[in-house]
Amino acid sequence: MLNTNVVFLFSVLSVLSFAQHDPGRNAVRLLATDQIEEALLLLKQAPKANNSPISQGEKLFVMTMAACRVENGIEAFKHAKQAVELGGIPIERFQAGSAEMFASLSDLSQYTEWLQPRKKQILHGPMLGAVTDSSAQFWLRTADEADIRIELRPVLVSAGVAKISVGSSRTSSSMDYTTVITVEGLEPTTQYRYKVWVDDRRIGSTTVFQTQSMREKACSFSIAFGGGAGLTPPNERMWTTISNHQPSALLMLGDNVYIDDPLHILTQRYCYYRRQSQTEWRELVASTPVYAIYDDHDFGTNDC
């Protein structure tokens, strides 16, 4: 029999929760239907509503999107610089989906010169997926199509040189510059360090995760699970709290983001790119296997 410790670490959100009244998401839904003035008015009023928290950086990010929708590249660049330099918005937010969200910036020389030294090659991830007793999967998104290689070494080496396990793939524009890499031949209940290489250039720091115990062998493990994880700025520390518990897996049971706009890819990508760019989220999923199912807010509208 398996001895399972279940750790409930999510804030489960109700109909009246902050995430249901996400001003950034709501403004982007208006932008998707070219209701520019309405979107800007919503952003202006948002800080006055106690149940609608939004950071200054996020406001500036959405205002950049709004300026791009009316092809005002100069205004968009002003907001973009402030969003990054004053508001702390990750530069990856401007690289991901740039063709759809920021087309008016792409031809602006001031913007491209400002962006160039800040560019990142890996925009989102790496995120651990299926981890078994002998394999692991890694998801990530790059800025352009690129060859990806992931190298794993055991943290503890009992005898001689550690065995290196390698997986490789190429990100594709048809998959929004993402790929999933599987590395096999791993040992059960073993900690591994892994490094990521993009076009033969090492990117980022070394990260550690642990494989699962041997199949059909009794073991103890902990699981973090929950649902209703819409963006609520004061509660984003929860990802760090989960990480500190070092669970064997994170089970996301639905409403993993609150999109509520199945018709417009602009809204969908805004919500996912925002989550995938969060520092706390990226640190958690780089070392904790993630498994998820959808609920209504992930792919449709409320109670669909």
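Before going into details, it helps to say that this report is about the structure given with it. (Residues numbered from 1 in each chain as written. Predicted model: local features only at pLDDT ≥ 70, side-chain atom pairs only at ≥ 80, totals over all residues. Heavy atoms only, no water.)

### Section: the overall build of the protein
Now for step 1: A tally of regular secondary structure across the protein gives 12 helices and 11 strands.
Now for step 2: If you line up the protein on its principal axes, its C-alpha atoms span 65 × 45 × 30 Å.
Now for step 3: When burial is assessed residue by residue, the protein has 49% of its 304 residues classed as buried.
Now for step 4: About 15,100 Å² of surface is accessible on the protein, with carbon and sulfur atoms providing 51% of the total.
Now for step 5: When the 28 positive and 33 negative side-chain charges of the protein are each reduced to one mean point, those points stand 7 Å apart. (Helix = DSSP H or I, 4+ residues; strand = E, 2+ residues; numbered from the N terminus. Buried < 20%, exposed > 50% of the residue type's maximum accessible area, 1.4 Å probe, protein only. Areas by Shrake-Rupley, 256 points an atom, 1.4 Å probe, with all protein chains shown as cover. Lys, Arg positive; Asp, Glu negative; His and termini not counted. Charge placed at Lys NZ, Arg CZ, Asp CG, Glu CD.)

### Concerning the nonpolar core
Now for step 1: Met65 and Phe94 are the most contacted members of the largest nonpolar core, which has 40 residues in total.
Now for step 2: Leaving out residues up to four positions away in the same chain, phenylalanine 94 has contacts with Phe61, Thr64, Ala80, Ala83, Val84, Ile89, Phe102 and Tyr111.
Now for step 3: In terms of nonpolar packing, the next biggest core, distinct from the first, is built from 20 residues, Leu128, Ile203, Phe209 and Ala286 among them. (Core = buried A, V, L, I, M, F, W, Y, C linked by side-chain atoms within 4.5 Å. Contact = heavy atoms within 4.5 Å.)

### What to know about the packing of aromatic side chains
Now for step 1: Taken as a whole and judged by the stated rule, the model has 13 aromatic pairs.
Now for step 2: Relative to tyrosine 111, the ring of phenylalanine 77 lies with its centre 6.1 Å away and its plane at 85°, an arrangement referred to as edge-to-face. Taken together, the residues span a long stretch of sequence, with phenylalanine 77 in helix H4 (residues 73-85) and tyrosine 111 in helix H8 (residues 109-115) at a distance of 34 residues. For the residue pair phenylalanine 77 and tyrosine 111, the accessibility class agrees, reading buried in each case.
Now for step 3: Note on tyrosine 294 and phenylalanine 299: the rings are 6.3 Å apart at their centroids and 20° apart in plane angle, and the pair reads as stacked.
Now for step 4: A residue is classified by how much of its surface remains accessible, and tyrosine 294, at 54% relative accessible area, is exposed.
Now for step 5: Pairwise contacts between aromatic rings join Phe61, Phe94, Phe102 and Tyr270 into one cluster. (Phe/Tyr/Trp six-rings, centres within 6.5 Å; stacked < 30°, edge-to-face > 60°.)

### Describing the layout of surface pockets
Now for step 1: Considered as a void within the structure, the largest pocket measures approximately 800 Å³ in volume.
Now for step 2: Together, 34 residues line the largest pocket, and Met127, Trp139, Tyr272, Gln276 and Tyr294 are the ones closest to its centre.
Now for step 3: Within the residue set of the lining of the largest pocket, elements represented by two or more residues are strand S2 (122-131), strand S3 (135-142), helix H10 (265-277), strand S11 (290-292) and helix H12 (296-299).
Now for step 4: Of the residues assigned to the lining of the largest pocket, the class counts are 20 nonpolar, 7 polar and 7 charged.
Now for step 5: Looking at the second largest pocket, its volume works out to about 700 Å³. (1 Å grid on protein atoms, 1.4 Å probe; cavity = no way out; pocket = protein on both sides within 12 Å on 5 of 7 lines; lining within 4 Å. Points joined across faces, edges and corners; volume = space filled by probe spheres on them. Nonpolar A, V, L, I, M, F, W, Y, C, P; charged D, E, K, R; others polar.)

### Some points on H4
Now for step 1: Along its 13 residues, H4 runs 18 Å from first to last C-alpha, staying within 8% of the 18 Å computed at 1.5 Å per residue.
Now for step 2: By the burial criterion, the buried members of H4 are Gly73, Ala76, Phe77, His79, Ala80, Ala83 and Val84. The arc that holds every buried residue of H4, seen down its axis, measures 170°, which confines them to one face. (Expected span 1.5 Å × (residues − 1). Arc of directions from axis to C-beta.)

### What about the sheet that holds strand S5 (residues 165-170)?
Now for step 1: Sheet architecture is open: 4 strands sit in the order S5-S4-S7-S8, paired in antiparallel fashion. Edge positions in the sheet fall to S5 and strand S8 (201-210), since each of these pairs with one other strand and no more. Averaged over neighbouring strand pairs, the angle between their axes works out to 20° when direction is ignored. (Pairing = 2+ DSSP bridges. Axes fitted to C-alpha atoms, helices over the stretch in contact; angles between N-to-C directions.)

### Remarks on unusual backbone geometry
Now for step 1: Of note, the bond from glycine 125 into proline 126 is cis; its omega dihedral lies within 30 degrees of zero at 0°.
Now for step 2: Structurally, proline 126 is set in strand S2.
Now for step 3: Residues other than glycine seldom take positive phi values, yet glutamate 71 does so here, at roughly 60°.
Now for step 4: Examined against the element boundaries, glutamate 71 turns out to sit in the loop between helix H3 (56-69) and H4.
Now for step 5: Assessed through its relative accessible area of 69%, glutamate 71 is described here as exposed.
Now for step 6: Of note in this structure, aspartate 260 is not a glycine but carries a positive phi near 55°.
Now for step 7: Note that aspartate 260 resides in the loop between strand S10 (249-252) and H10.

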